[in-house]
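Structural overview for review
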Amino acid sequence: MHTVPGLGKICAWTDRLPLCDSKTLRHRRLGASFIRATICLKLLRHFSIAGARARENLPADEASMTDTKAKWVALIILCLGDLMIVLDTTIVNVALPSIQRSLGFSEANLVWVVNAYMLTFGGFLLLGGRLGDLFGHRRLFLVGISIFTIASLACGLAPSQLLLVAARAVQGAGGAIVSAVALSLIMDLFHEPEERAKAMGFFGFVMAGGGSLGVLLGGVLTDSLSWRWVFLVNLPIGTLVSVLTLRLIEKTEGTHRPLDLLGALLITASLMVLVYGIVGGNEMGWLSVQTLGFIGIGIVLFLAFLWLESRLTSPLVPLGLFRLRNLSAASMIGMLWSAGMFAWFFLSALYMQHVLGYSAMKVGLAFLPSNVIMAAFSLGLSARIVMRFGIQAPVSVGMVLVAVGLALFSRAPVNGDLFADVIPPMIVLGLGAGLALNPLLLAAMTDVDENDSGLASGVVNTAFMMGGSVGLAVLASLAAYVSAGQSAATGKSVTLLAGYQWAFFVGALFALLASFISTARFRIPKSGAEGSKPVSLH
């Protein structure tokens, strides 16, 4: 049996601590907390160093059990890091009014607190994933967490509008790197079909529940402390994740191929320009010279990137990646799905607030059933379904359920009832999303070689992000266009509702198309979650 050096002395010292009176009780409690933290760090350090040495002397079954526990601890660390990124996408939205008052943002400029993050997040996903393949996934995960944490500190201390927007842009770059390589690290850790399905379920739970948690946490921090704490709260989380990653996650080696710097600049610039054109489409007008110009420049830069990659012996993105059937199908499904789901989250909240007159707290509670259902699928149910029915069927059925849920919202009345008109489609949408999310992520990675897993993860994340941005912009514009064409005599609620209904209906069509692609394009054996044999692109 192993002992932790120095731990006995700490415990003996704590036993000799004198009893305290009520006046010093709080200080003693703080001291006890510090001691417990010291002991925990001692334990973590000891077992991370001695773990490999101890496993050498264990029987095969006990060593396997130790490795399994270590993998699940590593998964929790990775999910905690990704949770910090997911939280940031919603937690900041709640604090926007307070930020506007504090720093004097105009209505037009306030949007850049969100858009600056989106621009760099969308632009750096592919680059971050590829850098992880080249230099090691753990190394890039640590780099991304460090960038995100330091930028969060700068956001929380920002004294001016310019510094806050600039720090948000840096924060988006760090978040993109973390998101791109976290999935790759999980695929590196788990190789057995059942374990991989469970791990992806846990990862999906973090992605599904993080947004709702961000709304609640943002409200609490902003009301009780200050808007600055929606950023500063990332400091202890980021520091903890970095320390635990160094101690408990094994170092991964990269391929050490030459970095295609020009290709990296082209793809990053093209995605950032495209996102800028898309997010500004509603404000500037979709047919305006500025919007069409930015979208056109983004497309030209992307075509130049493809031309360059086709002529390099060591490209940033091997174009053969896009010929992988399951990855390309999963990316298309992800774009269509996120286009509908982003619009659902945004427009259903507007419907409940502006048409039904719900408070912000009641809107948050209305989303609770769908989040609980997605959590239930993610924490075990989805893995069992994948092992029983494979990957294709859950994705196809899940997309049909998403379409049904959006279609139910498209018939929501102006005087709708929470339990008759809101909760039922929320439940159906939760069932569809919970059923499809984890199998879709597994499908994207089934036929990708380990050396390209970071890039593949970046492709899938980019598909979700671009699909959500485009879908939200297009469907929000459609809703505004339809509402503008209604007679003012019908009343504001009826006018707004007409636009929301059309947007939900088109979103349902997106989900149906995603279900069709799943049925027609996926080629994954039913017997397991690992799918076909990975293909090397080099």
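On a predicted model such as this, the values are computed, not experimentally measured, just so you know.

1. Looking at the overall build of the protein chain
In terms of regular secondary structure, the protein chain is built from 20 helices and 0 strands. Going through the 538 residues of the protein chain one by one, you find that 52% of them count as buried. In the protein chain, of all internal contacts separated by at least 6 residues, the share reaching a separation of at least 24 is 84%. For the protein chain, the accessible area works out to roughly 24,400 Å², and carbon and sulfur atoms hold 69% of it.

2. What to know about the environment of I147
Relative to the assigned elements, I147 resides in helix 6 (residues 137-157). Remark: the alpha-carbon pair of I147 and G238, spanning 91 residues in sequence, is separated by 9.6 Å. Setting aside chain neighbours within four positions, we find I147 in contact with V170, G174 and I177.

3. Some remarks on the side chain of D421
If you trace the backbone, D421 turns up in helix 18 (residues 418-445). D421 gets classed as buried once you look at its relative accessible area, which sits at 10%. If sequence neighbours within four positions are ignored, D421 has contacts with R411, P413 and G416.

4. Some details on helix 17 (residues 392-409)
Counted at 1.5 Å a residue, the expected span for helix 17 with its 18 residues is 26 Å, and the 26 Å between its end C-alpha atoms agrees. Within helix 17, the full set of buried residues consists of P394, V395, S396, G398, M399, V402, A403, G405, L406 and F409.

5. Some details on the pattern of salt bridges
Per the counting criterion, the structure on display carries 1 salt bridge. Close ionic contact of R411 with D421 constitutes a salt bridge, the shortest N to O distance being 3.6 Å. One end of the pair, R411, is in the loop between helix 17 and helix 18; the other, D421, is in helix 18, with 10 residues separating them in the sequence. Look at R411 and you get partly exposed, because its relative accessible area is 48%.

6. So, the nonpolar core
If you look at the biggest cluster of nonpolar residues, it comprises 113 residues, and the most contacted ones within it are F141, W337, Y351, M352 and Y500. Those residues within four positions of W337 in sequence are excluded, and the remaining contacts are M399, V402, A433, A436, L437, L440 and F464. In this structure, L96, L110, V165 and A167 belong to the second largest nonpolar core, which totals 19 residues.

7. Things to note about the packing of aromatic side chains
On inspection of all chains with the given rule, the structure shows 6 aromatic pairs. Here the aromatic rings of W227 and F231 are separated by 6.2 Å at their centres, their planes lie at 85°, and the arrangement is edge-to-face. Note on F231: relative accessible area 0%, which makes it buried. On the numbers, 6.2 Å between centres and 35° between planes, the contact of F302 with F305 is tilted. Taken together, the residues F302 and F305, both in helix 13 (residues 289-309) and 3 residues apart, mark about one turn of the helix. In this structure F302 comes out as partly exposed when scored by relative accessible area, which is 31%. One cation-aromatic arrangement involves R388 over F389; the distance from NZ or CZ to the ring centre is 4.8 Å.

8. Observations regarding the packing of helix 14 (residues 325-355) against helix 18
In a packed pair of helices, the relevant descriptors are the angle between the two axes and the axis-to-axis distance. The contact between helix 14 and helix 18 brings their axes to 11 Å, and the two run at 155°. With respect to each other, helix 14 and helix 18 are oriented roughly antiparallel. Helix 14 and helix 18 meet at a crossing whose hand is left-handed. Mapping the contact onto sequence places N326, L327, A330, I333, G334, W337, M341, W344, S348, Y351 and M352 in helix 14 and V422, M426, L429, A433, A436, L437, L440, A443 and A444 in helix 18. Tallied by class, residues from the contact of helix 14 with helix 18 come to 17 nonpolar, 3 polar and no charged.

9. Some details on the environment of P97
Relative to the elements of secondary structure, P97 occurs in helix 3 (residues 60-103). For P97, a relative accessible area of 41% gives the class partly exposed. Put simply, P97 and W227 are 130 residues apart on the chain and 9.1 Å apart in space, counted from C-alpha to C-alpha.

10. Concerning the packing of helix 14 against helix 17
Interhelical geometry of helix 14 versus helix 17 gives an angle of 30° and a closest axis separation of 11 Å. Here helix 14 is positioned roughly parallel relative to helix 17, judged by the angle of their axes. In this structure, the crossing between helix 14 and helix 17 has a hand that is left-handed. From helix 14, I333, W337, G340, M341, W344 and S348 reach across to helix 17, where they touch V395, M399, V402, L406 and F409. Looking at the contact of helix 14 with helix 17 residue by residue, the class counts come to 9 nonpolar, 2 polar and no charged.

11. Section: the confidence of the model for the protein chain
For the protein chain, per-residue confidence averages 75 on the pLDDT scale, and residues scoring 70 or more make up 75% of the total. Highest mean pLDDT in the protein chain belongs to helix 17 (92); lowest belongs to helix 1 (residues 7-15) (41). For the stretch residues 1-66, pLDDT sits under 50, and the model shows 34 contacts to residues farther than four places along the chain or on other chains. Across residues 527-532 the pLDDT falls below 50, and counting only partners more than four positions away or on other chains, this stretch makes 16 contacts in the model.

12. As for a nonpolar patch on the surface
A grouping of V400, V404, W502, F505, L509 and L512 is seen on the molecular surface, where their side chains present a nonpolar patch of about 530 Å² in accessible area. Taken together, the elements giving at least two residues each to the nonpolar patch come down to helix 17 and helix 20 (492-521). It is helix 20 that provides the largest number of residues to the nonpolar patch, a total of 4 residues. Along the chain, L509 turns up in helix 20. Residue class for L509 comes out partly exposed when judged on its relative accessible area of 42%.

13. Quick look at the side chain of S370
By the element assignment, S370 lies in helix 16 (residues 368-389). Setting aside residues no more than four positions away along its own chain, S370 makes contact with W344, M426 and G430.

14. Considering the environment of A407
Looking at the element boundaries, A407 is found in helix 17. Residue A407 is classed as partly exposed on the basis of its relative accessible area of 32%. Here the alpha-carbon distance between A407 and L509, two residues 102 residues apart in the chain, equals 8.8 Å.

Cut-offs applied
Residues numbered from 1 in each chain as written. Predicted model: local features only at pLDDT ≥ 70, side-chain atom pairs only at ≥ 80, totals over all residues. Heavy atoms only, no water. Helix = DSSP H or I, 4+ residues; strand = E, 2+ residues; numbered from the N terminus. Buried < 20%, exposed > 50% of the residue type's maximum accessible area, 1.4 Å probe, protein only. Contact = heavy atoms within 4.5 Å. Areas by Shrake-Rupley, 256 points an atom, 1.4 Å probe, with all protein chains shown as cover. Expected span 1.5 Å × (residues − 1). Salt bridge = Lys/Arg side-chain N within 4 Å of Asp/Glu carboxyl O. Core = buried A, V, L, I, M, F, W, Y, C linked by side-chain atoms within 4.5 Å. Phe/Tyr/Trp six-rings, centres within 6.5 Å; stacked < 30°, edge-to-face > 60°. Lys NZ or Arg CZ within 6 Å of the ring centre and 35° of its normal. Axes fitted to C-alpha atoms, helices over the stretch in contact; angles between N-to-C directions. Parallel < 35°, antiparallel > 145°, perpendicular 65-115°, else oblique. Left-handed = near helix turned anticlockwise from the far one by under 90°. Nonpolar A, V, L, I, M, F, W, Y, C, P; charged D, E, K, R; others polar. pLDDT = per-residue confidence, 0-100. Patch = residues over 30% accessible without salt bridge, like charges linked within 9 Å, V, L, I, M, F, W, Y side chains within 5 Å.

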